[in-house]
Amino acid sequence: MKARVKWVEERTFVGESASGHKLVLGTAFGPEGKTPGPSPMELVLIGTGGCSAYDVVHILEKGREAVDDCVVELDAARAEADPKVFTRIHMHFVVKGRALSHDKVKRAIGLSIEKYCSASAMMAKTAEITHDFEVIETTAK
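Residues numbered from 1 in each chain as written. Predicted model: local features only at pLDDT ≥ 70, side-chain atom pairs only at ≥ 80, totals over all residues. Heavy atoms only, no water.

**Section: the layout of surface pockets**
To find the voids left in a structure, one rolls a probe of water-molecule size over its atoms.
So, point 1. Estimates place the volume of the largest pocket at around 310 Å³.
So, point 2. Going through the elements one at a time, strand 1 (3-9), strand 2 (12-17) and strand 3 (22-26) are the ones with two or more residues in the lining of the largest pocket.
So, point 3. When grouped by side-chain class, the residues that make up the lining of the largest pocket number 6 nonpolar, 3 polar and 4 charged.
So, point 4. Each pocket or cavity is described by its volume, and for the second largest pocket that value is around 250 Å³.
So, point 5. Every residue lining the second largest pocket is listed: Pro-40, Leu-43, Val-44, Gly-47, Thr-48, Ser-118, Ala-119, Met-122 and Met-123.
So, point 6. Elements that contribute at least two residues to the lining of the second largest pocket include exactly helix 1 (40-62) and helix 3 (118-123).
So, point 7. Classifying every residue of the lining of the second largest pocket gives 6 nonpolar, 3 polar and no charged. (1 Å grid on protein atoms, 1.4 Å probe; cavity = no way out; pocket = protein on both sides within 12 Å on 5 of 7 lines; lining within 4 Å. Points joined across faces, edges and corners; volume = space filled by probe spheres on them. Helix = DSSP H or I, 4+ residues; strand = E, 2+ residues; numbered from the N terminus. Nonpolar A, V, L, I, M, F, W, Y, C, P; charged D, E, K, R; others polar.)

Following this line, the structure appears as structure tokens:
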């Protein structure tokens, strides 16, 4: 896997993935404290949630569950001193679908966090990762 990050100005950078996707990232600067985009650590947290959400949807679809939506709300804490690694990450999954099995959703989330999600595995080296979930019934399409 390859990527490229280029400094633009002040604390603004453009990251580009090997697949050609670009995004602006940076940290607060100037008198207003503006941010040009998410910080690198925000992207790490978002990536962790995205990795796990992808797994959960994939596992449920393979199990023929009728998933309509999956959201992961993340709440994290970082160390006070440098390097300010994540020390705690809580992942709250909201999975919507038709006649979803509560047990299958629980299993899919567990498999993601404990076995398949590479980002969660890396974050678990410094952070306590906890999770919970809710299943919301949707009407048939």
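**As for the side chain of Thr-12**
So, point 1. By secondary structure assignment, the location of Thr-12 is in strand 2.
So, point 2. Not counting residues up to four positions away in its chain, the partners in contact with Thr-12 are Lys-6, Trp-7, Val-24, Leu-25, Phe-29 and Pro-36. (Contact = heavy atoms within 4.5 Å.)

**Considerations on the sheet that holds strand 4 (residues 66-78)**
So, point 1. If you trace the 3 strands from one edge of the open sheet to the other, you get 4-5-6, paired in mixed fashion. This sheet does not close on itself; its edge strands, each paired only once, are strand 4 and strand 6 (128-137). Sheet twist, expressed as the mean angle between neighbouring strand axes with direction ignored, is 15 degrees.
So, point 2. Sheet topology note: the strand 4/strand 5 (residues 86-98) ladder contains 12 bridges and is antiparallel. From the neighbouring strand, Ala-76 faces strand 5, where its bridge partner is Ile-89.
So, point 3. With respect to the sheet, helix 2 (residues 102-116) is in contact with strand 5 and strand 6, its orientation differing from that of strand 6 by roughly 150 degrees. (Pairing = 2+ DSSP bridges. Axes fitted to C-alpha atoms, helices over the stretch in contact; angles between N-to-C directions.)

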